[in-house]
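The chain contents come next:
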Protein chains: 2
Amino acid sequence: MDAMADKAQLDAVLAQVDKDIDKSLERLFDLLRIPSISTDPAYAEHVRKAAEWLKRELDGLDFDAGVRATPGHPMVVAHGKGEGPHVLFYGHYDVQPVDPIELWDTDPFDPQLIDGRIRARGASDDKGQLMTFLEACRAWKAVTGKLPVKISILLEGEEESGSPSLPGFLEEAKAELKADVALVCDTDMWDPQTPSITTMLRGLVGEEVEITCASQDLHSGMFGNAARNPNQVLADIIASLRTPEGGVAVAGFYDGVAEVPESLKAQWATLGFDEKKFLGDVGLSLPAGEKGRPVLEQLWARPTCEINGMIGGYTGEGFKTVIPSKASAKISFRLVAGQDPKKIREAFRAHVRARVPADCEVTFKEHGGSPAIALPLDGKFLTAAKAALAEEWGKDTALTGSGGSIPVVGEFKRRLGMESLMIGFALIDDRIHSPNEKYNLESYHRGIRSWARVLASFA
Amino acid sequence: MDAMADKAQLDAVLAQVDKDIDKSLERLFDLLRIPSISTDPAYAEHVRKAAEWLKRELDGLDFDAGVRATPGHPMVVAHGKGEGPHVLFYGHYDVQPVDPIELWDTDPFDPQLIDGRIRARGASDDKGQLMTFLEACRAWKAVTGKLPVKISILLEGEEESGSPSLPGFLEEAKAELKADVALVCDTDMWDPQTPSITTMLRGLVGEEVEITCASQDLHSGMFGNAARNPNQVLADIIASLRTPEGGVAVAGFYDGVAEVPESLKAQWATLGFDEKKFLGDVGLSLPAGEKGRPVLEQLWARPTCEINGMIGGYTGEGFKTVIPSKASAKISFRLVAGQDPKKIREAFRAHVRARVPADCEVTFKEHGGSPAIALPLDGKFLTAAKAALAEEWGKDTALTGSGGSIPVVGEFKRRLGMESLMIGFALIDDRIHSPNEKYNLESYHRGIRSWARVLASFA
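Reading the values: the criteria
- Residues take numbers from 1 onward in each chain, read along the sequence in its written order.
- Think of it this way: whatever chain is written first is A, whatever ligand is written first is 1, and the rest follow in order.
- Where local features are concerned, this predicted model is filtered to residues with pLDDT of at least 70; where side-chain atom pairs are given and counted, the filter is 80 or more; whole-chain, interface and lining totals use all residues.
- Note that water and hydrogens are dropped before the side-chain values are worked out from all heavy atoms of the structure.
- Every helix listed is a DSSP run of H or I at least four residues long, and every strand listed is a run of E at least two residues long, numbered separately from the N terminus.
- Every radius of gyration here is taken over C-alpha atoms, with the globule rule written as 2.2 Å times N^0.38, N being the number of residues.
- To sort residues, take the accessible area from a 1.4 Å probe on protein chains only and compare it with the maximum for the residue type: under 20% means buried, over 50% means exposed, and anything in between is partly exposed.
- Throughout, a contact is declared for two residues whenever any of their heavy atoms are within 4.5 Å.
- In these tables, accessible area is a Shrake-Rupley quantity obtained with a 1.4 Å probe, and a residue counts as shielded only by the protein chains included in the view.
- Neither His nor the chain termini are counted; the positive set is Lys and Arg, and the negative set is Asp and Glu.
- Taken as the charge centre is NZ of Lys, CZ of Arg, CG of Asp or CD of Glu, depending on the residue.
- Put simply, a nonpolar core is a bunch of buried Ala, Val, Leu, Ile, Met, Phe, Trp, Tyr and Cys residues held in one set by side-chain atoms that sit within 4.5 Å of each other.
- Interaxial angle, 0 to 180 degrees, is taken between N-to-C directions of lines fitted to C-alpha atoms, where a helix line uses only the stretch in contact.
- Any angle from 65 to 115 degrees is called roughly perpendicular, while one under 35 is roughly parallel, one over 145 is roughly antiparallel, and all others are oblique.
- Helix crossings are classified by the rotation of the near helix relative to the far one: an anticlockwise turn of less than a right angle makes the crossing left-handed, while a clockwise turn makes it right-handed.
- Under the convention adopted here, Pro, Cys and the residues Ala, Val, Leu, Ile, Met, Phe, Trp and Tyr are nonpolar, Asp, Glu, Lys and Arg are charged, and Gly plus all remaining residues are polar.
- Note: buried area is the sum, over both parts, of the accessible area (probe 1.4 Å) each one loses when the two are combined.
- As used in this structure description, the phrase polar contact means that two N or O atoms lie within 3.5 Å; if the pair is within protein, one of them must be able to donate a hydrogen and the other to accept it, and residues adjacent in sequence are counted only when both atoms belong to side chains.
- Here the copies are matched by least squares. The fit uses the C-alpha atoms of residues with pLDDT of at least 70 in both.
- In this entry, domain limits derive from an automatic or database-based domain assignment.
- Pairing of aromatic side chains requires ring centres within 6.5 Å, counting the rings of Phe and Tyr and the six-membered ring of Trp. Pairs whose planes differ by under 30 degrees are stacked, by over 60 edge-to-face, and all others tilted.
- Two cysteine sulfurs form a disulfide in these notes if their separation is within 2.5 Å.
- In this description, strands pair whenever DSSP reports at least two bridges between them.
- How far a helix is expected to stretch is found by multiplying one less than its residue total by 1.5 Å.
- For this quantity, the arc is that covered by the directions from the helix axis to the C-beta atoms.

## Some details on the overall build of chain A
Here comes step 1: Within chain A, the secondary structure is distributed over 14 helices and 18 strands.
Here comes step 2: Rg of the C-alpha trace for chain A: 25 Å, near the compact-globule value of 23 Å for 459 residues, within the 12% margin.
Here comes step 3: Its C-alpha atoms give chain A principal-axis dimensions of roughly 85 × 50 × 45 Å.
Here comes step 4: Counting only residues that meet the buried cut, chain A has 58% of its 459 residues in that class.
Here comes step 5: Within chain A, contacts between residues at least 6 apart in sequence are counted, and of these 79% link residues at least 24 apart.
Here comes step 6: Surface exposure of chain A reaches about 18000 Å², of which carbon and sulfur atoms provide 52%.
Here comes step 7: A distance of 3 Å separates the average location of the 52 positive side-chain charges in chain A from that of its 68 negative side-chain charges.

Next comes the structure, spelled out in structure tokens:
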């Protein structure tokens with residue numbers, strides 16, 4: 001087919017999406033009516049019902065679909081018959097609990113369309129989002145009789161309760177699920193006008209450190225000055241973790257960390273991120289961290305070290321003149337591409353050990369470690385999807401980062417060796433996990449159109 | 001009387017002490033049999049009984065004695081008829097609870113003399129000690145028919161439960177109790193051969209500091225690096241409190257702090273204090289604090305800053321990637337002579353405020369403040385008592401310090417403008433507050449002789 005024919009075909013698919021939008025909405029409402037709350041065992045049958053509903057929908061789209069057992073709630077796995085590049089679409093069909101129910105204006109499982117907003121638990125997170133993809137497949141099927149590429153689908157039923165079965169399931173179904181790229185639909189647009197692909201997620205190293213000085217708690221009058229105080233030792237160590245310029249002072253910490261490409265920096269600069277508002281919303285006004293680096297860059301593309309907890313000595317009411325035996329802290333490092341979690345952990349431990357007096361002890365406890373995710377910005381799927389989204393929204397696609405992690409993306413990378421394009425149409429005001437969750441009808445409608453275009457761009 | 005006659009008289013008094021020691025011991029046993037546990041309301045009648053027992057003893061020694069009501073347990077106040085300098089003797093007749101009772105080898109309120117050790121609750125702390133003074137008065141009375149100086153006595157019944165009624169009582173009885181010097185018998189000898197007078201007690205400033213950064217707890221992935229972390233701010237502040245040489249870095253902290261006189265340093269050097277053992281007993285081997293200063297000097301004569309408690313963020317099991325809104329610490333300063341608690345508090349607060357970022361908040365809470373106590377080393381009472389004790393023990397009297405405080409000494413100084421000589425015959429192994437508390441018969445016998453001599457030296 002030539003480019004003209006391609007365009008005509010895509011236009012027909014998009015026209016089909018538009019024509020069918022009311023029915024698309026009805027189908028979403030059907031799914032939203034199922035209270036598939038994964039964290040509450042009382043809802044287990046509803047979770048299963050949602051999985052079976054999805055299997056039937058996928059069967060109807062000529063997928064080879066199944067509800068697969070796990071130690072927890074089932075996975076829905078489906079394989080399409082298309083040709084060409086192989087993509088794995090991921091979404092989740094379970095939802096958060098609805099408490100406090102009294103703050104909902106309507107029944108969370110009786111979806112309503114109100115002023116262009118679809119209101120229900122799961123409307124945005126993640127039933128609405130996953131249905132954008134299924135409805136795009138439906139339109140392609142309706143117009144062309146087939147899917148434009150080879151599509152596999154993985155829909156999880158435990159995302160809202162920590163994905164306990166996911167790693168084991170991926171390990172077992174590795175061969176079946178490995179595709180050329182994953183499409184993960186659980187993220188936001190930058191703003192209602194700007195389509196986004198999240199290309200960077202920070203990694204994590206969690207450490208717990210405990211300093212022991214004296215063999216018992218001491219009276220600070222009797223021993224103060226001459227006996228080592230682990231609170232002081234720990235505070236000195238924590239203070240030593242940052243340079244006067246706000247960077248992390250652990251030796252080798254920035255080894256392998258690349259500067260953000262100028263092109264990406266330039267794109268971020270166009271996003272109109274409001275540092276003052278971002279900090280002001282949580283009662284701050286002065287950026288911390290590395291001096292001279294914009295907040296967005298610090299959050300998305302710079303590693304950090306944060307003291308998540310620290311405790312030592314007497315912390316109750318009143319006062320106790322004690323020099324404690326022990327003090328401890330929970331410390332996490334957020335990593336970016338180029339940093340090896342193992343090396344960072346070792347470098348941190350060496351940094352601490354060098355600062356513990358010879359007659360004191362230090363112990364470390366590991367609390368998780370995962371590398372950062374960074375998509376190559378010139379990858380063919382990313383390039384294609386970026387253009388397709390821009391076409392739909394009439395605006396350049398923002399390539400964004402996220403300071404936190406999305407576990408499934410790490411799992412795909414680690415276990416299946418597969419990159420993920422994180423594309424979603426949720427908005428920051430969708431109130432996910434909160435009462436009156438909503439998904440804009442525009443998010444739904446143009447989300448379906450967006451996926452129709454993205455699939456075309458991969459073909 | 002000339003010096004020869006003085007000596008003959010004192011020798012007669014000492015001979016009387018020796019002759020009467022068995023009866024002195026019986027009288028102590030009578031007092032020890034009264035379970036005057038002040039902290040347990042069930043024993044209130046016994047506390048009163050002990051007070052009345054003491055009043056009777058003092059009446060028998062021609063004191064004008066009374067049991068005085070307070071909001072808590074009573075005080076015993078007695079005034080003797082002697083002439084010359086006026087001394088106020090202080091002791092306490094209440095005792096600690098006896099738990100864990102199963103660890104006692106004998107009934108704590110059935111005193112026993114075993115291998116030269118008087119075993120009972122209160123044998124050392126403080127019934128045995130206070131009786132050394134009363135028995136010395138008795139010997140003087142027996143030999144000369146009167147007391148060698150004007151003696152007032154204050155015996156407290158709430159020392160082991162925090163002396164809640166003491167300040168108010170002193171305030172009311174100020175005129176009655178103000179003497180030329182106080183004698184406080186609640187301290188140790190340096191070792192079993194070396195008599196001691198404690199001449200220095202460190203003062204205290206207690207502060208609680210709370211740092212608030214963001215208005216709510218934040219996700220350290222989403223905000224880490226750009227949002228100020230109060231744990232880090234607090235740790236930086238705590239680290240800044242010490243200089244690289246181990247001193248306290250608060251501006252003006254050492255203003256007015258004098259070096260220990262060379263003569264006192266020389267005397268301390270003869271005490272044979274074993275730094276290694278002192279630290280080794282609590283599992284340490286490297287002195288902290290100011291580099292180059294002996295441990296004893298650091299404990300007795302140098303001010304310090306200790307972090308008694310600190311807390312911020314998540315400190316439970318596992319890990320939580322939070323940037324907390326708040327972090328706090330309890331910090332105490334031990335002061336020496338020349339330091340003003342108010343000025344130290346203000347200097348500390350200024351030090352902290354200068355290090356809190358402009359968009360964060362700091363609040364302070366005051367937890368007590370008292371200046372250090374330091375007796376003038378050339379005072380006439382100290383000089384006399386020092387010589388008298390040396391005479392009894394055949395060894396120079398050690399002038400010691402204490403890193404902690406003895407509240408009554410501060411109260412005497414503050415409310416009555418009266419210095420205290422802290423003289424006691426307890427030993428470090430007396431197991432006060434523990435099962436099998438004991439007081440050596442030698443402590444008791446030579447304690448009585450020591451007071452007989454000290455009173456003579458004041459005459």
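## Looking at the nonpolar core
Here comes step 1: Core analysis: the largest hydrophobic core is formed by 232 residues, its most contacted members being A:Phe333, A:Leu421, B:Phe333 and B:Leu421.
Here comes step 2: Each residue touching A:Leu421, except ones within four places of it in the same chain, is listed here: A:Val181, A:Ala182, A:Leu183, A:Val184, A:Ile197, A:Leu375, A:Phe381, A:Leu382, A:Ala385 and A:Phe458.
Here comes step 3: B:Leu166, B:Phe169, B:Ile373 and B:Met422 belong to the second largest nonpolar core, which has 22 residues in total.

## Regarding the packing of helix H1 (residues 3-32) of chain A against helix H3 (residues 127-144) of chain A
Residues and elements named next belong to chain A.
Here comes step 1: The contact between H1 and H3 brings their axes to 8 Å, and the two run at 135 degrees. In terms of their interaxial angle, H1 and H3 are classed as oblique. Here H1 runs over H3; the crossing is right-handed. Residues Gln9, Leu10, Ala12, Val13, Gln16, Val17, Asp20, Ser24, Arg27, Leu28, Leu31 and Leu32 of H1 lie in contact with H3, whose contacting residues are Lys127, Gly128, Met131, Glu135, Arg138, Ala139, Trp140, Ala142, Val143 and Thr144.
Here comes step 2: Here the contact of H1 with H3 is composed, by residue class, of twelve nonpolar, five polar and five charged.

## Brief notes about the interface of chain A and chain B
Here comes step 1: Facing the 76 residues of chain A at the interface are 76 residues of chain B.
Here comes step 2: In total, about 5900 Å² of surface goes out of reach between chain A and chain B, with carbon and sulfur atoms giving 56% of it.
Here comes step 3: On the chain A side of the contact with chain B, A:Asn225, A:Met310 and A:Phe319 bury the most area, a combined 14% of that side's loss.
Here comes step 4: Across the chain A-chain B interface, the total number found is 45 residue pairs in polar contact (both at pLDDT 80 or more).

## A closer look at the side chain of B:Arg453
Here comes step 1: Mapped onto the secondary structure, B:Arg453 falls in helix H14 (residues 441-458).
Here comes step 2: Residues within four places of B:Arg453 in sequence aside, it is in contact with B:Leu10, B:Leu14, B:Ala388, B:Glu391 and B:Glu392.

## Structural notes on the relation of the copies chain A and chain B
Here comes step 1: Note on the copies: chain A fits chain B at an RMSD of 0.2 Å, the axial shift is 0.2 Å, and the rotation between them is 180 degrees. A rotation of that kind, with that shift, is consistent with a two-fold axis.

## Examining the domain arrangement of chain A
Here comes step 1: The domain architecture assigned to chain A consists of domain 1 (3-200 + 373-458) and domain 2 (203-257 + 303-370).
Here comes step 2: Between the C-alpha centres of domain 1 of chain A and domain 2 of chain A there is a distance of 42 Å.

## Brief notes about the packing of helix H1 (residues 3-32) of chain B against H14(B)
All names here are of chain B.
Here comes step 1: Two elements in contact, H1 and H14, have axes whose closest approach is 10 Å; the angle formed by their N-to-C orientations is 140 degrees. With respect to their mutual orientation, H1 and H14 come out oblique. As for how H1 packs across H14, the hand of that crossing is right-handed. Of the residues in H14, those touching H1 at Leu10, Val13, Leu14, Val17, Asp18, Ile21, Ser24, Leu25 and Leu28 are Leu441, Tyr444, His445, Ile448, Arg449, Ala452, Arg453 and Ala456.
Here comes step 2: Of the residues in the contact of H1 with H14, the class split is twelve nonpolar, two polar and three charged.

## Focus on the packing of aromatic side chains
Here comes step 1: The tally for this structure, following the rule as stated, stands at 32 aromatic pairs over all chains.
Here comes step 2: Between A:Phe381 and A:Phe458, the aromatic rings sit 5.0 Å apart at their centres with planes inclined by 85 degrees, giving edge-to-face as the arrangement. Pair noted here: A:Phe381 is in helix H12 (residues 380-393) and A:Phe458 is in helix H14 (residues 441-458), with a separation of 77 residues, a long-range link. In this structure, A:Phe381 and A:Phe458 share a single accessibility class: buried.
Here comes step 3: An angle of 80 degrees between the planes, with centres 5.2 Å apart, marks the rings of B:Phe133 and B:Trp451 as edge-to-face. Taken together, the residues B:Phe133 in helix H3 (residues 127-144) and B:Trp451 in helix H14 connect sequence positions 318 residues apart.

## Digging into the state of the cysteines
Any covalent bond linking the sulfur atoms of two cysteines counts as a disulfide.
Here comes step 1: If you walk through the whole model with that rule in mind, you get zero disulfides over all chains.
Here comes step 2: The cysteine B:Cys305 is free of any disulfide, with A:Cys213 supplying the nearest cysteine sulfur at 15 Å.
Here comes step 3: Looking at B:Cys360, it has no disulfide partner, and the nearest cysteine sulfur is the one in B:Cys213, 3.2 Å off.
Here comes step 4: Taking relative accessible area as the criterion, B:Cys360 reaches 9% and is therefore assigned buried.

## A few points about the sheet that holds strand S5 (residues 117-119) of chain A
All names here are of chain A.
Here comes step 1: Taken in spatial order, the three strands make up an open sheet running S4-S5-S18, and their pairing is antiparallel. The outermost strands of the open sheet, each flanked by one partner alone, are strand S4 (112-114) and strand S18 (438-440). Between one strand axis and the next, the sheet turns through 30 degrees on average, direction left out of account.
Here comes step 2: Relative to S18, S5 runs antiparallel, the two being bridged by three bridges. Bridging from a neighbouring strand, arginine 119 pairs with lysine 438 of S18.
Here comes step 3: Here H14 sits on the sheet in contact with S4, S5 and S18, set at roughly 55 degrees to S18.

## Things to note about helix H11 (residues 341-353) of chain B
All names here are of chain B.
Here comes step 1: With 13 residues, H11 ought to run about 18 Å at 1.5 Å a step, and its terminal C-alpha atoms sit 18 Å apart, in line with that.
Here comes step 2: Of the positions making up H11, those classed as buried are Pro341, Ile344, Arg345, Phe348, Arg349, His351 and Val352. Around the axis of H11, the buried residues are gathered within 160 degrees of arc, so they sit on the same side. Those residues of H11 that are exposed and aimed more than 90 degrees away from the buried face are Lys342 and Lys343.
Here comes step 3: The secondary structure elements touched by the buried residues of H11 are strand S9 (203-212), helix H7 (230-240), strand S13 (326-335) and strand S14 (361-370).

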